[in-house]
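Geometric and topological summary
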Amino acid sequence: MKARKVTDGLVKVFVWLCAGITAALLIWILVYIMSRGLPHVTWEYLTSKFGGDDHGIYPMIVSTLCLVGLTLLFAAPVGVFAAVYLVEYAKPGKLVNVIRFATECLSGIPSILFGLFGFIFFVQICNFKFSLLSGALTLALMVLPTIIRTTEEVLKTVPVSYKEGSLALGANKLYTLFRITLPSALPGVLTALILSIGRIVGETAAVFLTAGMVYRVPKSIFSSGRTLAVHLYAIANEGFSFDECFATAAVLVVLVLLINFAADLAGKLLIRRLGGGQPN
Amino acid sequence: METILSAEKLNLYYSDNHALKDITLPVPKGQVTALIGPSGCGKSTFLKTLNRMNDLVDGVRVAGLVTLDGEDIYAPDYDVVGLRKRVGMVFQKPNPFPMSIFDNVAYGPRIHGQRDKKALREIVESSLKGAALWDEVKDRLNKSALSLSGGQQQRLCIARVLAVGPEVLLMDEPTSALDPISTQRIEDLIEELKGRYTIVIVTHNMQQAGRISDRTAFFYRGDLIEWGETDTLFQTPADKRTEDYITGRFG
């Protein structure tokens, strides 16, 4: 009896320790970045340009937001409807398995390879030059597997009884998809998009090979642009000022949090509009 | 006696499995017909052939004739949407959609093109009244349907079917997931609905079949063994298997 109690206690301590280490690491990194970075983040830093005497990151914030938006514009519909095809329409069989295997492989490819592909295909062959468009298309390819896989999993969890109920009332498949299946899957789709945003914002290699490093405010999707992560990479490489690096890092972290909150909020509003009430 | 729905020499196969064998059963208009039999005997499968919900299952093949008002519902150009509007279905487990009570009931009319808000409100109210749920939910129509109890959810599902103005209600063990009090309310409701609607109900509960149905059909291993007036079938069954089943000797 006593031995069991001791083992029990030890396991408990071990589990707590593991959880504690994970949480502590995250907090430590965040606190470290924020405490070193935030003091250098001023209004001027956020709103002025970069180059010459200016050391602001306004152009990078704009480029980052544009790249995120543009990438999701391409990747979200394609990814979601690819998943819908796989789950709702495709007959299970060889083709579906091949597609599934391909998406899995795609998600394992290092981002620099996507960068090289984007550089050769979008920048050179399609002649989009170094531009947000090239960058977004490349990143879209990169996040597509995540969106497809996650959406697939959520779609599979939508109860068959919902679909049956809808079809039994005389709805066709498409109506059922837009009124029942997709709204039920929306929270999961949103998770997929948030994960994707994280990857887009954090990506460097694939971005500077396709969207370039020019630190101007982009004029259109055909302009080149430097995202915050690329900027961080560039100034850390130059090694002038670590304060500036940390300031950029802090802004990057806050931006990711803000985008996630916004996506979450947008999703909730959308669910309310499409679906009506939540449980209780 | 007028027949509204009728199966003639109906056969159904799931791939190689011959699930329904030469079923011939007329469903009289305005009455309650109960389908009874042990699990896996084909009664639910038969129910689903009546509004073509089996179309959704891969590998199902149907041969024979099912007619609604004399029209073959398996004819190639038959309007399935129209069929499901006329022949509604209530499932074993209550399956309200994850949306408000109002939107659940308005779902069907909206499919069939009803957009007018005032008309929708009237349909929702009359359907909920028809399903004996109005008084319990009239103050919270915008609340989620998932916040209702199991019995209320099932009555909501009935209201949702009534909202599209069906002539026939198919019910697949509608009370098997409910407690006795909720079951009682659904049975009372069926009593109220009959006459105006034709009801075909699958049930595992023979007392229930005895209480609520006018006619009973006994299925066994894909065969329709016998059918007739409920009282006759229960008191003087013609077939030994029917007698064994209703006296609880198997199943």
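None of the values given here were measured: they were computed from a predicted structure. (Residues numbered from 1 in each chain as written. Chains lettered and ligands numbered in written order. Predicted model: local features only at pLDDT ≥ 70, side-chain atom pairs only at ≥ 80, totals over all residues. Heavy atoms only, no water.)

Topic: the overall build of chain B
The secondary structure content of chain B amounts to 10 helices and 10 strands. By the compact-globule yardstick of 18 Å for 251 residues, chain B fits well, its C-alpha radius of gyration being 18 Å. When its C-alpha atoms are laid out on the principal axes, chain B stretches across 55 × 45 × 35 Å. Burial status across chain B gives 57% buried among its 251 residues. For chain B, the share of sequence-separated contacts (at least 6 apart) that also reach a separation of at least 24 residues comes to 67%. (Helix = DSSP H or I, 4+ residues; strand = E, 2+ residues; numbered from the N terminus. Rg over C-alpha atoms; globule rule 2.2 N^0.38 Å. Buried < 20%, exposed > 50% of the residue type's maximum accessible area, 1.4 Å probe, protein only. Contact = heavy atoms within 4.5 Å.)

Section: the packing of aromatic side chains
Residues and elements named next belong to chain A. According to the stated counting rule, one finds 14 aromatic pairs over all chains in the structure shown. For the ring pair phenylalanine 50 and tyrosine 215, a centre distance of 5.1 Å and an interplane angle of 75 degrees mean the geometry is edge-to-face. Of the two residues, phenylalanine 50 sits in strand E1 (residues 50-51) while tyrosine 215 sits in the loop between helix H9 (205-208) and helix H10 (228-238), which places them 165 residues apart along the sequence. Its relative accessible area of 16% is what places phenylalanine 50 among the buried residues. Residue classification places tyrosine 215 among the partly exposed residues on the basis of a relative accessible area of 37%. (Phe/Tyr/Trp six-rings, centres within 6.5 Å; stacked < 30°, edge-to-face > 60°.)

Comments concerning the domain arrangement of chain A
Residues and elements named next belong to chain A. Here the domain parsing of chain A yields domain 1 (1-40) and domain 2 (43-275). Placing a centre on the C-alpha atoms of domain 1 and another on those of domain 2 gives a separation of 31 Å. The interface is formed by 8 residues belonging to domain 1 together with 9 residues belonging to domain 2. By the criterion of area lost to domain 2, the three top residues of domain 1 are Ile33, Arg36 and His40, representing 61% of everything that side buries. Summed over the shared surface of domain 1 and domain 2, the number is 0 salt bridges. Summed over the shared surface of domain 1 and domain 2, the result is 0 residue pairs in polar contact (both at pLDDT 80 or more). Its residues placed into classes, the side of domain 1 that touches domain 2 shows 5 nonpolar, 2 polar and 1 charged. (Domains from an automatic or database assignment. Buried area = accessible area lost by both parts, 1.4 Å probe. Salt bridge = Lys/Arg side-chain N within 4 Å of Asp/Glu carboxyl O. Polar contact = N/O pair within 3.5 Å; in protein donor to acceptor, adjacent residues only side chain to side chain. Nonpolar A, V, L, I, M, F, W, Y, C, P; charged D, E, K, R; others polar.)

Considering the interface of chain B and chain A
At the interface, 26 residues of chain B touch 22 residues of chain A. Taken over both partners, the interface formed by chain B and chain A buries close to 2,000 Å², and the fraction arising from carbon and sulfur atoms is 64%. Broken down residue by residue, the surface that chain B buries against chain A is led by Pro98(B), Tyr107(B) and Ile111(B), which jointly contribute 25%. Where chain B touches chain A, the interface holds 0 salt bridges. Linking chain B to chain A there are 3 residue pairs in polar contact (both at pLDDT 80 or more). Across the side of chain B that touches chain A, the residue classes break down as 14 nonpolar, 7 polar and 5 charged.

A short note on the nonpolar core
Counting 105 residues, the largest nonpolar core has Tyr107(B), Leu128(B), Ile158(B) and Ile199(B) as its most contacted members. For this core, the leading source of residues is helix H3 (residues 58-89) of chain A, giving 12 residues. Residue contacts for Ile158(B): discarding those within four places in its chain leaves Val90(B), Ala131(B), Met171(B), Ile186(B), Leu189(B) and Leu193(B). Judged by nonpolar contacts, the second largest core, of 34 residues, contains Leu12(B), Cys41(B), Leu83(B) and Val200(B). (Core = buried A, V, L, I, M, F, W, Y, C linked by side-chain atoms within 4.5 Å.)

A few points about the pairing of strand E3 (residues 32-36) of chain B
Residue and element names in this part refer to chain B. Most of E3 sits out of view: 5 of its 5 residues are buried. Burial along E3 is two-sided: Val32, Ala34 and Ile36 and Thr33 and Leu35, pointing in opposite directions, are all buried. Inspection of the sheet shows E3 paired to strand E8 (residues 198-202) by 4 bridges, in the parallel sense. Directly across from alanine 34, in E8, lies its bridge partner isoleucine 201. Bridging between E3 and strand E9 (residues 215-220) involves 4 bridges; their strand directions are parallel. Its bridge partner being in E9, isoleucine 36 is matched across the sheet by phenylalanine 218. (Pairing = 2+ DSSP bridges.)

Side note on the packing of H3(A) against helix H8 (residues 173-202) of chain A
Residues and elements named next belong to chain A. Packing of H3 against H8 brings their axes to within 9 Å, and their N-to-C directions diverge by 135 degrees. Classified by the angle their axes make, H3 and H8 are oblique. You can see that H3 and H8 cross each other, and the crossing is right-handed. Along the contact surface, H3 presents Thr64, Leu67, Val68, Thr71, Leu72, Ala76, Val80, Phe81, Val84, Glu88 and Tyr89, while H8 presents Lys173, Leu174, Leu177, Phe178, Thr181, Leu182, Val189, Leu193, Ser196, Ile197, Ile200 and Val201. (Axes fitted to C-alpha atoms, helices over the stretch in contact; angles between N-to-C directions. Parallel < 35°, antiparallel > 145°, perpendicular 65-115°, else oblique. Left-handed = near helix turned anticlockwise from the far one by under 90°.)

Regarding the confidence of the model for chain A
Across chain A, the average pLDDT comes to 88, with 97% of residues at or above 70. The low-confidence segment residues 276-280 of chain A (pLDDT under 50) makes 14 contacts with residues lying over four places distant or belonging to another chain. (pLDDT = per-residue confidence, 0-100.)

What about the environment of Phe101(A)?
All names here are of chain A. Looking at the element boundaries, phenylalanine 101 is found in helix H4 (residues 94-108). Among the residues examined, phenylalanine 101 registers a relative accessible area of 57% and is labelled exposed. Phenylalanine 101 sits 41 residues away from methionine 142 along the chain, and the two C-alpha atoms are 15 Å apart.

Quick look at the pattern of salt bridges
Tallied over the full model, the rule gives 22 salt bridges over all chains. Among the salt bridges present, the one from Lys129(B) reaches Glu125(B), with a minimum N-O distance of 2.5 Å. Taken together, the residues span about one helical turn, with Lys129(B) and Glu125(B) both in helix H4 (residues 117-130) at a distance of 4 residues. Judged by relative accessible area, Lys129(B) falls into the partly exposed class, the value being 46%. Taken together, the salt bridges that share partners define one network made up of Arg100(A), Glu104(A), Arg149(A), Glu152(A), Glu153(A) and Lys156(A).

Side note on the confidence of the model for chain B
As a note on interpretation, predicted positions should not be read in detail where pLDDT is low. Residue and element names in this part refer to chain B. Predicted confidence across chain B gives a mean pLDDT of 92, with 100% of residues reaching 70 or more. E8 holds the highest mean pLDDT among the elements of chain B, 96, whereas helix H10 (residues 240-246) holds the lowest, 90. The ipTM assigned to the predicted complex is 0.89, against a pTM of 0.81.

What to know about unusual backbone geometry
All names here are of chain B. At aspartate 69, a position not held by glycine, the phi torsion is positive, near 50 degrees. Structurally, aspartate 69 is set in the loop between strand E4 (60-68) and strand E5 (71-72). With a phi angle near 55 degrees, alanine 132 is a residue other than glycine that sits in the positive phi range. Checked against the element boundaries, alanine 132 lands in the loop between H4 and helix H5 (134-137).

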